[in-house]
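Notes for the structure review
Residues per chain are reported as follows:
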Amino acid sequence: MKKYIKIGFLIISIILAQLVEALLPDSPLQKSSRYPYFSILLWVILAAYIIWLITNYTKTKKLDFYHAPLFAGVVTFLNILNVLTAKFALLPTLYFPTLDQVFGTLIEDRVLILKCIGYSLGILSSGVLGGLVIGFFTGLGIGFNKKIAYWFNPIIRILGPIPSTAWIPIMLIVFPTSRSASAFIIGISVWFPITVLTSSGISNVKNSYLEVASTLGSSEFEKIFKVAVPAAMPSIFIGLFNGLCSSFVSLMTAEMIGAKYGMGWYVNWQKEMMCYANLYAGLIVIAGLFFIVITLLFKVRDKALLWQKGVIKW
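Please read these numbers as outputs of a predicted model, since none were measured by experiment.

Quick look at the overall build of the chain
- Counting its secondary structure elements, the chain contains 12 helices and zero strands.
- Each helix and strand of the chain, ordered N terminal to C terminal, gives the series α-α-α-α-α-α-α-α-α-α-α-α.
- On C-alpha atoms alone, the chain measures out to a radius of gyration of 25 Å, which is more than a quarter above the 20 Å that the 2.2 N^0.38 rule sets for 314 residues.
- With respect to the principal axes defined by its C-alpha atoms, the chain has extents near 80 × 55 × 30 Å.
- For the chain, the residues scored as buried account for 41% of the 314 residues in total.

Pasting the structure below:
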């Protein structure tokens, strides 16, 4: 019975939001939109949730209403925000546009937004990949070789804590384009946590593992990549998670300063143009984009660390 009450909350919240949208007139202080985008979004949320329920039921033969209260809370929040902005204009109309304007921007300005998404993903992928590869091998060397650790540990302790965004003025001069400078800055933000946590993970591998591998006739290469690296994978993934979070900040900051496209540039440009509906739409895209990236990382982690399922949670 509780499960059906949960789905009832979602349906009631959507019906209430639709009644408010239909019965209360919009404030004349707000700019009108071409279509009722907020009302359409409410039906899309309900339809998407029903489709998810049906899909999940075909796989598990159970109806899972776990996320229904969460969606109901989101709809209720949006409904309250819609009343404060579109219906009564209780908030400054310049800085708080209607939800129809915000969600309408995602449709009407989709060409430029998609172009900016592609630009940001290109910079992000190249910077993260470079920082990941260099940080992995740097941490591997520090964790295994005392001479490498002797020379590199002071560099990491001095340069690592410096925020990657502090290098932006120098990188814009050193690199020929803002795109390459942004990728390098992102690489720095990923390199530091990957290096530290990879070296920490390698250093904490039990000597008994390596001794057993030597007894079985493993070469140095096999001991590193078949014993030490798999054992250190939890630490490496934590470093990658921290590096990705830092890379998002670096990406947005770098694009706001010297880029010609990208979501950071888009948000900063809309702010300068005083188009706050477009600005909020850009923030929604950024949140969704980074949510997808982090979710994909968790999926890869779950596959790679299947052996530790139920042991470590993060």
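Observations regarding the environment of Ala86
- Mapped onto the secondary structure, Ala86 falls in helix α3 (residues 68-87).
- Judged by relative accessible area, which is 4%, Ala86 ranks as buried.
- For the pair Ala86 and Asp100, spaced 14 residues apart in the sequence, the C-alpha separation amounts to 8.4 Å.
- With sequence-adjacent residues up to four places away left out, Ala86 is seen in contact with Asp26, Ser27, Gln30 and Thr98.

A word on a nonpolar patch on the surface
- Side chains of Ile148, Tyr150, Trp151, Phe152, Ile155, Ile158, Leu159 and Ile162 sit close together on the surface and give an oily, nonpolar patch of about 810 Å² of accessible area.
- For Trp151, the position within the fold is in helix α6 (residues 146-159).

A closer look at the side chain of Ser199
- Of note, Ser199 is situated in helix α8 (residues 178-203).
- Assessed through its relative accessible area of 12%, Ser199 is described here as buried.
- At 3.0 Å, the side chain of Ser199 and the backbone oxygen of Thr195 are in polar contact.
- Excluding anything up to four places from it in sequence, Ser199 contacts Gly139, Ile142 and Gly143.

Side note on the packing of helix α2 (residues 37-60) against α3
- Two elements in contact, α2 and α3, have axes separated by 12 Å at closest approach and are oriented at 175 degrees. Considering the angle they form, α2 stands roughly antiparallel to α3. On α3, the residues touching Phe38, Leu42, Ile45 and Tyr49 of α2 are Ala68, Phe71, Val75, Leu78, Asn79 and Asn82.

Looking at the confidence of the model for the chain
- Looking at the chain, pLDDT values average 87 and 96% of them are 70 or higher.
- By mean pLDDT, helix α9 (residues 207-215) is the weakest element of the chain at 82, and helix α4 (residues 99-108) is the strongest at 93.

Topic: the packing of aromatic side chains
- Under the criterion given, the structure shown has 13 aromatic pairs.
- Relative to Phe290, the ring of Phe248 has its centre 3.8 Å away and its plane inclined at 5 degrees; by these criteria the two rings are stacked. Residue Phe248 is found in helix α10 (residues 220-258), and its partner Phe290 is found in helix α12 (residues 276-304); the two are separated by 42 residues along the sequence. Grouping residues by exposure puts Phe248 and Phe290 together as buried.
- Cluster of aromatic residues (ring-pair linked, three or more members): Tyr119, Tyr261, Trp265 and Trp269.
- When the ring centre of Tyr119 is taken as origin, the NZ or CZ atom of Arg179, which lies over that ring, is 4.8 Å away.

With respect to the nonpolar core
- Counting residues in each nonpolar core, the largest one holds 42 residues, and the members touching the most others are Ile186, Leu244, Phe248, Leu251, Met263, Tyr266 and Phe290.
- Those elements that place two or more of their residues in this core are α5 (110-144), α8, α10, α11 (263-272) and α12.
- Counting residues per element, this core draws most heavily on α10, which supplies 11 residues.
- Counting residues in hydrophobic clusters, the runner-up holds 18 residues, among them Phe38, Leu42, Ile45 and Tyr49.

Comments concerning the state of the cysteines
- Following the criterion strictly, the structure yields zero disulfides and no others.
- Free cysteine Cys116: the closest other cysteine sulfur is in Cys275, separated by 14 Å.
- Under the relative-accessibility criterion, Cys275 is labelled partly exposed at 29%.

A short note on the side chain of Thr105
- On the secondary structure map, Thr105 appears in helix α4.
- Residue Thr105 is classed as buried on the basis of its relative accessible area of 7%.
- With near-sequence residues (within four places) excluded, Thr105 lies in contact with Arg110, Ile113, Tyr266, Ala277, Asn278 and Ala281.

Section: the pattern of salt bridges
- All told, the structure shown has four salt bridges when counted by the stated rule.
- Here Asp26 and Lys87 are joined by a salt bridge, their closest N and O atoms 2.8 Å apart. Here Asp26 is found in the loop between α1 (2-23) and α2, whereas its partner Lys87 is found in helix α3, with 61 residues between them in sequence.
- Here the salt bridges share partners, and the residues they tie into one network are Glu21, Asp26 and Lys87.

Calculation notes
Residues numbered from 1 in each chain as written. Predicted model: local features only at pLDDT ≥ 70, side-chain atom pairs only at ≥ 80, totals over all residues. Heavy atoms only, no water. Helix = DSSP H or I, 4+ residues; strand = E, 2+ residues; numbered from the N terminus. Rg over C-alpha atoms; globule rule 2.2 N^0.38 Å. Buried < 20%, exposed > 50% of the residue type's maximum accessible area, 1.4 Å probe, protein only. Contact = heavy atoms within 4.5 Å. Patch = residues over 30% accessible without salt bridge, like charges linked within 9 Å, V, L, I, M, F, W, Y side chains within 5 Å. Areas by Shrake-Rupley, 256 points an atom, 1.4 Å probe, with all protein chains shown as cover. Salt bridge = Lys/Arg side-chain N within 4 Å of Asp/Glu carboxyl O. Polar contact = N/O pair within 3.5 Å; in protein donor to acceptor, adjacent residues only side chain to side chain. Axes fitted to C-alpha atoms, helices over the stretch in contact; angles between N-to-C directions. Parallel < 35°, antiparallel > 145°, perpendicular 65-115°, else oblique. pLDDT = per-residue confidence, 0-100. Phe/Tyr/Trp six-rings, centres within 6.5 Å; stacked < 30°, edge-to-face > 60°. Lys NZ or Arg CZ within 6 Å of the ring centre and 35° of its normal. Core = buried A, V, L, I, M, F, W, Y, C linked by side-chain atoms within 4.5 Å. Disulfide = S-S within 2.5 Å.

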